[in-house]
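Below, each chain spelled out in residue letters.
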Amino acid sequence: AKNAAVAVIPAAIMADGICVIDNLPYIEDVRCLYTTLNKIGIECTYEDKHTLKIDSVNDICTKVTFDEVRKMRASYYLLGALLARFKKAEVAMPGGCNFGTRPIDLHLKGFRALGAQVEVNGEIVCVKAEKLKGASIYMDTVSVGATINIMLAATMAEGTTTIENAAKEPHIVDVANFLNMMGAKIKGAGTDVIKIVGVEHLHGAEYTIIPDQIEAGTYMIAAAITKGRVKVQNIIPTHMDSLSAKLIEIGINIEEGDDYITVDATDADFKATSIRTMAYPGLPTDLQPQMAALLSVCEGTSMITENVWEKRYQYIDELKKLGAKITVEGRVAIIEGVKELSGATVEATDLRAGAAMIIAALNARGETVIGEVKYIDRGYEEVENK
Ligand code: EPZ
């Protein structure tokens, strides 16, 4: 899972020992973190394409302001990890997909609640603390990144921290499990109240990252739009519940095993439906573009409400080039289903939008050419082979 990997790797910095993390996706975001860790003095080596060995015993530079860091949003986890262990950090503001403003005010509010001084000087976020003290923190907005970042910093604070209205995504549970393997004392990850009893020090650990619910969902939707029958394996079916329920509503057959889901759309009638993106366990916003591609060829009128990001419809213009009939009003997209899409030249406007272009192109008659596929490579390993 990309969004577990990009948090677990920074978390490994907190151990004064060796961590071995496997089942990592071999994607640009992970390679970017690999480079970053080596640049700040950590011995980070690829044991194989999917396994990193991270040895952060020697002294580490806590000023992380070079280009790699600006490329991806998850760089902000370096703040929480370095603040936890070294009580200071300077990190360049994160980049990442452009869905309008992507503030990190909740991250910084959490660090302040734990006793850190926080300053934002232009592009650089500086945090430091004499010591970190446990606190009770209520999240104004459910935020994956802020929940994880505060959990990182609280892990090595003195005393107990509770995070209320916490995000519950599977990757948050994964980070908490990894931290506990290193000796942290975290309870309640995956619920909306996470309790952390601070510890002095974390030791190294071996850890296997969970499967990626968004990658799995992408392939399930690709199977649906091609009227195929596909078994998506090595996944955790319960992580897919919101998507499976929607595909069943559309008329697609779903069969679940303990580590696979078979999507059978061979005789589906593709009825229109409506979706609302939500924090977990709701339908993930990261599957919204992919679902829009599928709904473009479902008979009738479908509606999408994007509740997480203020601007996540930039890809709609590209879908329209393929013949989709969609109008956008603020956070709502109205889709009139068409019989089938037709090939055209389109662009990936961001990571999941790129995945949506692939899904639409699998249905479109004739050839489709997708530009800017570098976005897709940020989050999908060898998507064309898979
Ligand atoms: C993570 O982003 C994911 N990225 C995103 O996936 C995903 O879309 C998002 O969670 C929601 O699931 C990574 O994990 C690296 P948030 P994150 O904080 O943590 C607002 C992908 O395709 N907010 O849960 O940045 C924010 O503006 C990427 O893999 C604040 O207002 O998302 C948004 O409206 C795209 N202040 C809402 O909360 C803050 O300090 C949820 O954002 C933080 C967030």
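Read on for an overview of the structure. These numbers come from a predicted model, not from an experiment. (Residues numbered from 1 in each chain as written. Predicted model: local features only at pLDDT ≥ 70, side-chain atom pairs only at ≥ 80, totals over all residues. Heavy atoms only, no water.)

### With respect to the pairing of strand β2 (residues 43-48)
1) Next: As defined by bridge partners, β2 adjoins strand β3 (residues 51-55) across five bridges and the pair is classed as antiparallel. Opposite E43, over in β3, you have D55 as the bridge partner.
2) Next: The hairpin formed by β2 and β3 contains two residues between the paired strands. (Pairing = 2+ DSSP bridges. Helix = DSSP H or I, 4+ residues; strand = E, 2+ residues; numbered from the N terminus.)

### Describing the site of the ligand
1) Next: In the vicinity of the ligand, 23 residues are found, and the nearest of them are R73, D105, S143, D286 and V308.
2) Next: For the ligand, an oxygen atom lies 2.5 Å from a polar atom in the side chain of R73.
3) Next: Side-chain polar atom of Y76 to an oxygen atom of the ligand: 2.9 Å apart, as the coordinates give it.
4) Next: Among the elements of the structure, α1 (2-11), α5 (105-113), α6 (144-155) and α12 (351-363) are those that each provide at least two residues to the shell around the ligand.
5) Next: Among the elements that make up the shell around the ligand, the one with the highest residue count is α5 (three residues).
6) Next: Its residues assigned to classes, the shell around the ligand shows ten nonpolar, six polar and seven charged. (Near = heavy atom within 4 Å. Polar contact = N/O pair within 3.5 Å; in protein donor to acceptor, adjacent residues only side chain to side chain. Nonpolar A, V, L, I, M, F, W, Y, C, P; charged D, E, K, R; others polar.)

### Description of the packing of helix α10 (residues 288-295) against α12
1) Next: Viewed as axis vectors pointing N to C, α10 and α12 meet at an angle of 20°, and their least axial separation amounts to 7 Å. Classed by the angle they form, the pair α10 and α12 counts as roughly parallel. The two elements α10 and α12 cross, and the hand of that crossing is right-handed. Here α10 contributes P289, Q290 and A293 to the contact with α12, which in turn contributes R352, A353, A355, A356, I359 and A360.
2) Next: Considered class by class, the residues forming the contact of α10 with α12 number seven nonpolar, one polar and one charged. (Axes fitted to C-alpha atoms, helices over the stretch in contact; angles between N-to-C directions. Parallel < 35°, antiparallel > 145°, perpendicular 65-115°, else oblique. Left-handed = near helix turned anticlockwise from the far one by under 90°. Contact = heavy atoms within 4.5 Å.)

### Concerning the nonpolar core
1) Next: Among the nonpolar cores identified, the biggest contains 85 residues, and I54, M151, F178 and L179 are the most heavily contacted of them.
2) Next: In contact with M151, other than residues within four places in its own chain, are I163, I172, V175, A176, L179, I186, I194 and I196.
3) Next: Judged by nonpolar contacts, the second largest core, of 60 residues, contains I221, A268, C298 and I304. (Core = buried A, V, L, I, M, F, W, Y, C linked by side-chain atoms within 4.5 Å. Buried < 20%, exposed > 50% of the residue type's maximum accessible area, 1.4 Å probe, protein only.)

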